[in-house]
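# Tertiary structure, described
What follows is the residue order along each chain.
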Number of protein chains: 2
Amino acid sequence: MSRTRSTTAAKRVAASPWEPAVARARQREAKRQAVLQTAARLFNERGFHATSLDDIAECLHVTKPTLYYYVKSKDEILLECVRSALVMMHEGIDAVRRDGGRALDQLIACMRIYAGIVTEEFGKCVIRIGEDPLPAPLKKELRQLKGGIDREFRRLIAEGIAEGSLVPCDPKMAAFTLAGALSWIGRWYRDDGGLTPEQVTDQAVELLLGGILARKEPVRVRAVPSGTRARKS
Amino acid sequence: MSRTRSTTAAKRVAASPWEPAVARARQREAKRQAVLQTAARLFNERGFHATSLDDIAECLHVTKPTLYYYVKSKDEILLECVRSALVMMHEGIDAVRRDGGRALDQLIACMRIYAGIVTEEFGKCVIRIGEDPLPAPLKKELRQLKGGIDREFRRLIAEGIAEGSLVPCDPKMAAFTLAGALSWIGRWYRDDGGLTPEQVTDQAVELLLGGILARKEPVRVRAVPSGTRARKS
């Protein structure tokens, strides 16, 4: 009996010209995501200051008032784009750590996650735009998220040194070096450049792990004499 | 006789309240450099858009009209700062190539030059601000300078592979990986962070050359299955 009743209720809902609340919320969120994705792409292509809400609205074939139904301001859009990417990184790193295993394998997995995200629009926003254009309180939250990712890399590197899989080094410098090379992908990577994000990631990770030297031969990399910075050592 | 005359002339010049033309030109250039250095520091600390000509004038204890005697606009200042750093890199790389030697040693020298410059204010401007805020024609010149540096890195890497000192790899990807890690120094380096530019450079170059692996052990770095980007492979 209750079955008959709920079927009837479902039909009644389907017959209504208004979408059920859940579907409406889902649709709204999908549209909000489209606004953020489009904005992120424009920020990355033209720069944050050179992109207006009008540009974003035009790209989506809507008016600026429609845009305001989904987002409050350009600052809010940037905050959301950068935050999304950083939260994705955190979630990825958390999942890796939960799965456990050797620090080296965890580090590789985290490097892959990081590189993968910076080839996407929100991730590119982290690298190309960052939190700089935002007012201080919003900056702070994003810097904390970034700091957390840096700490995780340092911790994994320190664990890797302790387990003997990584070369003894300053985990802070190593974390910056890895993150720098991987972040740079977000600066130069283009979908139409002939390499997939996975191919780029594979090659970058491989180079960073093994280095570019053919053999671990002794090489003098120490400082050149002062005043000769612009000359060969 | 001519000696007596020139001594007299020198005395007359020294007695004049006006500096000789050469000294004036030198002084003007020194002041112009001070404007550029101060502006670069403010751009790097606060961002380009958040820094006004008034801020720069205030830092130098002069008025904005005084500033206009040395520079035409904020755009011109940024152009000059970024161009100076890129030209320094080019000159450094040229000197290295003229001196010749193994491609590996040349590459190391160029990496050191690159890293050294991005720890300075003009170099930081290249990394933190870049050419993005500038109008198209100015952008173009800077991008060409950048492209030239990238080409030199790729060429040295290709030569290093050919001479057997570098691991066989895609020179384009390797150049991006090296330049990325070194460029990142310009994002995080602070004079008061406890490490000198030389120490930072040494460590970064060493890690990039030798990699972070303790041994060249076989490590699976290839792609994780699709859809598992946020999970450990």
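Computed from a predicted structure; not experimentally measured.

## Observations regarding the overall build of chain A
Helices and strands together make up the secondary structure of chain A, namely ten helices and zero strands. Listed N to C, the secondary structure of chain A is α-α-α-α-α-α-α-α-α-α in terms of helices and strands. A total of 233 residues make up chain A; the buried ones form 46% of that total. Pairs at least 24 apart in sequence give 66% of the contacts found in chain A among residues at least 6 apart. A total of about 11,700 Å² of accessible surface is found on chain A, and carbon and sulfur atoms cover 54% of it.

## Concerning the relation of the copies chain B and chain A
Note on the copies: chain B fits chain A at an RMSD of 0.1 Å, the axial shift is 0.0 Å, and the rotation between them is 180°. Both chain copies can therefore be described as sitting about a two-fold axis. Interface residue correspondence from chain B to chain A reaches 100%, placing this contact among same-surface, isologous pairings.

## Some thoughts on helix H2 (residues 21–46) of chain B
Residue and element names in this part refer to chain B. The end-to-end C-alpha distance of H2, which contains 26 residues, comes to 37 Å, matching closely the 38 Å that a straight helix rising 1.5 Å per residue would cover. Buried within H2 are the following residues: Arg-32, Val-35, Leu-36, Thr-38, Ala-39, Ala-40, Leu-42, Phe-43 and Asn-44. Looking at the buried positions of H2, the neighbouring elements they touch are helix H3 (53–59), helix H4 (64–68), helix H5 (74–99) and helix H7 (121–128). Remark: Gly-47 follows H2 within two positions and exhibits a positive phi of approximately 100°.

## Quick word on the interface of chain B and chain A
You'll often see interface size given as the accessible area lost when the parts meet. Each partner contributes to the interface: chain B provides 72 residues, whereas chain A provides 72 residues. With both chains or domains summed, chain B and chain A bury close to 6,300 Å², and 61% of this area falls on carbon and sulfur atoms. Breaking the side of chain B that touches chain A down by element, the ones donating at least two residues are H5, helix H6 (103–118), H7, helix H9 (171–188) and helix H10 (197–210) of chain B. When its residues are assigned to classes, the side of chain B that touches chain A shows 36 nonpolar, 15 polar and 21 charged.

## Overview of the nonpolar core
The tendency in soluble globular proteins is for nonpolar side chains to be buried side by side. Core analysis: the biggest nonpolar cluster contains 136 residues, and A:Ile77 and B:Ile77 have the highest contact counts within it. In contact with A:Ile77, not counting residues within four places along its chain, are A:Val35, A:Leu36, A:Ala39, A:Phe43, A:Leu53, A:Ile56 and A:Val71.

## Let's talk about unusual backbone geometry
Unlike most non-glycine residues, A:His61 shows phi in positive territory, near 55°. In this fold, A:His61 is placed in the loop between helix H3 (53–59) and helix H4 (64–68).

## Considering the side chain of B:Gln106
The topology assignment puts B:Gln106 in helix H6. One polar contact links the side chain of B:Gln106 to the main-chain carbonyl oxygen of B:Gly101, over a distance of 3.0 Å.

## Points about the confidence of the model for chain A
All names here are of chain A. On average, residues of chain A score 89 in pLDDT, and 86% of them reach the 70 mark or higher. Looking over chain A, one finds the lowest element-wise mean pLDDT in helix H1 (residues 2–15), namely 57, and the highest in helix H6 (residues 103–118), namely 98. The model gives residues 223–233 a pLDDT under 50, and that stretch makes 26 contacts with residues more than four places away or in other chains. Interface confidence for the predicted complex, expressed as ipTM, amounts to 0.82; the pTM equals 0.84.

## Re the packing of helix H5 (residues 74–99) of chain A against helix H7 (residues 121–128) of chain A
All names here are of chain A. Orientation of H5 relative to H7, taken along the N-to-C sense of each, is 105°, at an axis distance of 8 Å. By the angle between their directions, the pair H5 and H7 is classed as roughly perpendicular. Touching Leu-78, Cys-81, Val-82, Ser-84, Ala-85, Leu-86 and Met-88 of H5 are Phe-122, Gly-123, Cys-125 and Val-126, all from H7. For the contact of H5 with H7, the per-class residue count stands at nine nonpolar, two polar and no charged.

## Here we look at helix H9 (residues 171–188) of chain A
Across its 18 residues, H9(A) extends 26 Å between first and last C-alpha, which sits within 8% of the 26 Å expected from 1.5 Å per residue. Buried residues dominate H9(A), accounting for 15 of its 18 residues.

## Side note on the packing of aromatic side chains
In total, this model carries ten aromatic pairs over all chains according to the counting rule given. Taken together, a centroid distance of 4.9 Å and an interplanar angle of 70° make the contact between A:Phe43 and A:Phe48 edge-to-face. For the pair shown, A:Phe43 and A:Phe48 are each scored as buried. Relative to B:Tyr70, the ring of B:Tyr69 has its centre 4.9 Å away and its plane inclined at 80°; by these criteria the two rings are edge-to-face. The exposure class assigned to B:Tyr69 is exposed, which follows from its relative accessible area of 51%. Among the aromatic side chains, those forming a connected cluster through ring pairs are A:Phe176, B:Trp188 and B:Tyr189. Cation over ring: B:Arg28 sits above B:Tyr69, and NZ or CZ is 4.7 Å from the ring centre.

About the criteria used
Residues numbered from 1 in each chain as written. Chains lettered and ligands numbered in written order. Predicted model: local features only at pLDDT ≥ 70, side-chain atom pairs only at ≥ 80, totals over all residues. Heavy atoms only, no water. Helix = DSSP H or I, 4+ residues; strand = E, 2+ residues; numbered from the N terminus. Buried < 20%, exposed > 50% of the residue type's maximum accessible area, 1.4 Å probe, protein only. Contact = heavy atoms within 4.5 Å. Areas by Shrake-Rupley, 256 points an atom, 1.4 Å probe, with all protein chains shown as cover. Least-squares fit on C-alpha atoms with pLDDT ≥ 70 in both. Expected span 1.5 Å × (residues − 1). Buried area = accessible area lost by both parts, 1.4 Å probe. Nonpolar A, V, L, I, M, F, W, Y, C, P; charged D, E, K, R; others polar. Core = buried A, V, L, I, M, F, W, Y, C linked by side-chain atoms within 4.5 Å. Polar contact = N/O pair within 3.5 Å; in protein donor to acceptor, adjacent residues only side chain to side chain. pLDDT = per-residue confidence, 0-100. Axes fitted to C-alpha atoms, helices over the stretch in contact; angles between N-to-C directions. Parallel < 35°, antiparallel > 145°, perpendicular 65-115°, else oblique. Phe/Tyr/Trp six-rings, centres within 6.5 Å; stacked < 30°, edge-to-face > 60°. Lys NZ or Arg CZ within 6 Å of the ring centre and 35° of its normal.

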